[in-house]
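# Descriptive structure summary
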Amino acid sequence: MSPTLEPIHRLAQGVRKHGPALLAGMPDPHDELMSLVWGPRFDREHALGLVARQPAAAAQTLPALLAAADHFDTLHSGAQGRLRKLIVRHRALRVVDSARGPAHRADA
């Protein structure tokens, strides 16, 4: 893996692992993710609000979320922008995938 993409890959792994618990019940999880990384610093206040909604999962998600926040803050602006583009791309792929229906989904 390219050294440029490795930091983004590490953040994405955390989202895959803890995102379902953290974002459960949210109308648009992509909006929630984007709100966390929209600015030059990770929005910890918003993240803590998400964790507070899922107290049963907080013990596992909070440490990972805070580590992701610290990691995001160390990324240069280009890498932060690439991460935002990946979130937008993932949202677009999910919209296309859901429009096709369950028979066409890769994870079905």
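Let me sum up the structure you'll find in this document. (Residues numbered from 1 in each chain as written. Predicted model: local features only at pLDDT ≥ 70, side-chain atom pairs only at ≥ 80, totals over all residues. Heavy atoms only, no water.)

Counting its regular elements, the protein contains five helices and zero strands. Listing the helices and strands of the protein from first to last along the sequence gives α-α-α-α-α. The proportion of buried residues among the 108 residues of the protein is 32%. Partitioning the intrachain contacts of the protein with sequence separation of at least 6 by distance along the chain shows that 65% fall at a separation of at least 24. (Helix = DSSP H or I, 4+ residues; strand = E, 2+ residues; numbered from the N terminus. Buried < 20%, exposed > 50% of the residue type's maximum accessible area, 1.4 Å probe, protein only. Contact = heavy atoms within 4.5 Å.)

Along the chain, the position of His46 falls in helix α3 (residues 44-53). With eleven residues separating them in the primary sequence, His46 and Ser35 have C-alpha atoms 7.8 Å apart. Contacts of His46, omitting those with residues within four sequence positions, involve Glu32, Ser35 and Leu36. A polar atom in the side chain of His46 sits 2.6 Å from the side chain of Glu32. (Polar contact = N/O pair within 3.5 Å; in protein donor to acceptor, adjacent residues only side chain to side chain.)

One pass over the structure, following the stated rule, counts one aromatic pair. When the ring of Phe42 is compared with that of Phe72, the centres are 6.2 Å apart and the planes differ by 65°; the resulting orientation is edge-to-face. Of this pair, Phe42 sits in the loop between α2 (29-37) and α3 while Phe72 is found in helix α4 (residues 58-74), placing the two residues 30 residues apart along the sequence. Residue class for Phe72 comes out buried when judged on its relative accessible area of 1%. (Phe/Tyr/Trp six-rings, centres within 6.5 Å; stacked < 30°, edge-to-face > 60°.)

In a regular helix each residue adds 1.5 Å, so 17 residues correspond to 24 Å; α4 covers 24 Å between its end C-alpha atoms and thus fits that length. For α4, the full list of buried residues reads Ala58, Thr61, Leu65, Ala69, His71, Phe72 and Asp73. (Expected span 1.5 Å × (residues − 1).)

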